[in-house]
Amino acid sequence: MNYFSSDFKLGILGGGQLGKMLLYNTRKFDIYTCVLEASNTAPCKIACDEFHLGDLMDYNAVYNFGKQVDVLTIEIENVNVDALETLENEGVKVYPASKTLRTIQNKAKQKLFYIDHNIPTADFSRFAYISEIEDAVANGGLKFPFVWKAAQFGYDGNGVKVVRQLSDLEGLPKGECIAENLVPFKNELAVIVARNASGDTKTFPVVEMEFHPEANQVEYVICPARIPDDVAKKAIEVALKVSKAFNHVGLLAVEMFQTKDDAILVNEVAPRPHNSGHQTIEASYTSQFEQHLRAILNLPLGRTDNKVGGVMVNLVGAEGYTGNVVYQNIENIMTMDGVTPHIYGKKQTRPFRKMGHVTIVNEDLNEARRIAEEVKKSIKVISE
């Protein structure tokens, strides 16, 4: 099929920053794109060929949009899966598949999937209501501390909480959830696997993620991870096993824990471009976004190794500021070597909202990490 400068239409569900960065590459290849998104101020609006307003969870909106495109992909998991299934049955190519999304959308189903496929993951219990957790604690079936996760619609630190005492459960959503053993880990790692419809597979280098202690959001992504080769090899093997189990097409970001004794446990996955791969734009031969396109269009996969070491810093809204965004001291960070800011195009900031990221590249990874700290201290995402 001819995708370039042709009648071919690629549909993207979701209009956020991941879609916007995907569109850098559709522009590069001159692929015609249509985006469906509920917000008229979405970052994607400026970069796609057609922008459609609609609710991603609405069956008719997703179905009617999908009928107009040849290949349909996502940049967010929270979409109407029933509509995707109908579209697949009617011959539209949907990547990732509805079956994969159905499993991944629900954290309890996702965990059970790992158990069924002998994929190492932290022990957990599944609960229909949060009140059942209280009962399990009372009768000794569940011990503190554990990690509470909402089964549906968690993202970016929302829908996840470490529970050390009963009062920590107050104010959490009442519905289906899991309680997961708190894993004593050395590192949080991630591997992005790319797979096309022909079954060709490539992995990006293992990255390590440093988290913000309060917001439960990634603060730094460091690539390659500063871990022994045998641990990196194990992480890649586990990620490939997960990819094979899902039989997915596109990108699959596999987030993992490296335990105190160097075991690898899968935390969760995302079947799309991911926060742990943003540094690939500057640091890799092929960016994760180009690779996603290559995979879903069944083109040859690009080279995935690093040209240079990279560290990514998330730019999130500062606490205490809501309103029209101002990037304070952005000129200062641009004087630093190897520093590239990416601004997502969200006009309104609020505390901890992802507003952009900064990549720092350097032949010396420790120097890149040092500059990243300087970037983090210098730039502030505030409001007018």
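Residues numbered from 1 in each chain as written. Predicted model: local features only at pLDDT ≥ 70, side-chain atom pairs only at ≥ 80, totals over all residues. Heavy atoms only, no water.

## Observations regarding a negative patch on the surface
The cut-off we apply is this: Each patch is built from residues lacking any salt bridge and having more than 30% relative accessible area; the joining distance is 9 Å for like charges and 5 Å for nonpolar side chains (Val, Leu, Ile, Met, Phe, Trp, Tyr). For the accessible areas, the method is Shrake-Rupley and the probe is 1.4 Å, while residue cover comes only from the protein chains on display. Salt bridges are counted wherever a side-chain nitrogen of Lys or Arg sits within 4 Å of a carboxyl oxygen of Asp or Glu. When charges are tallied, Lys and Arg are placed among the positive residues and Asp and Glu among the negative ones, while His and the ends of the chain are skipped. For this purpose, a charge sits on NZ of Lys, CZ of Arg, CG of Asp or CD of Glu. The secondary structure listing takes helices from DSSP runs of H or I that are at least 4 residues long and strands from runs of E that are at least 2 residues long, numbered from the N terminus. Each residue is placed in one exposure class: buried if its accessible area under a 1.4 Å probe, protein chains only, is under 20% of its type's maximum, exposed if it is over 50%, and partly exposed if it falls in between.
A surface patch of like charges, here negative, comprises E132, E134, D135 and E170. The topology assignment puts E132 in helix α6 (residues 130-138). Overall, E132 belongs to the partly exposed group, its relative accessible area being 30%.

## Regarding the packing of helix α1 (residues 17-29) against helix α9 (residues 288-296)
The angle between the axes and the distance between the axes are what describe a pair of packed helices. We apply this condition: For helices, the fitted axis covers only the stretch in contact; all axes are lines through C-alpha atoms, and the angles between them, taken along N-to-C directions, range from 0 to 180 degrees. Any angle that falls under 35 degrees is termed roughly parallel, while one over 145 is termed roughly antiparallel, one within 65 to 115 roughly perpendicular, and all others oblique. What makes a crossing left-handed is the near helix being turned counterclockwise from the far one by less than a right angle; a clockwise turn instead makes it right-handed. Contact definition: two residues touch when any of their heavy atoms are within 4.5 Å. Gly is placed with the polar residues, together with every amino acid not listed as nonpolar (Ala, Val, Leu, Ile, Met, Phe, Trp, Tyr, Cys and Pro) or charged (Asp, Glu, Lys and Arg).
Where α1 meets α9, the closest approach of the two axes is 9 Å, and the angle between their N-to-C directions is 70°. Looking at the two axes, α1 sits roughly perpendicular to α9. Where α1 crosses over α9, the handedness of that crossing is right-handed. Here L18, M21, L22, N25, T26, K28 and F29 of α1 come into contact with α9, specifically with F289, E290, H292 and L293. A class-by-class count of the residues in the contact of α1 with α9 yields six nonpolar, three polar and two charged.

## Things to note about the pairing of strand β16 (residues 309-316)
Threshold: At least two DSSP bridges between two strands are required for those strands to pair.
Extensive coverage of β16 is indicated by the burial of eight of its eight residues. Covered by surrounding structure in β16 are G309, V311, V313 and L315 together with G310, M312, N314 and V316, the residues of both alternating faces. Relative to β16, strand β13 (residues 218-223) runs antiparallel, the two being bridged by four bridges. Note that in β16 the partner of V221 across the bridge is M312.

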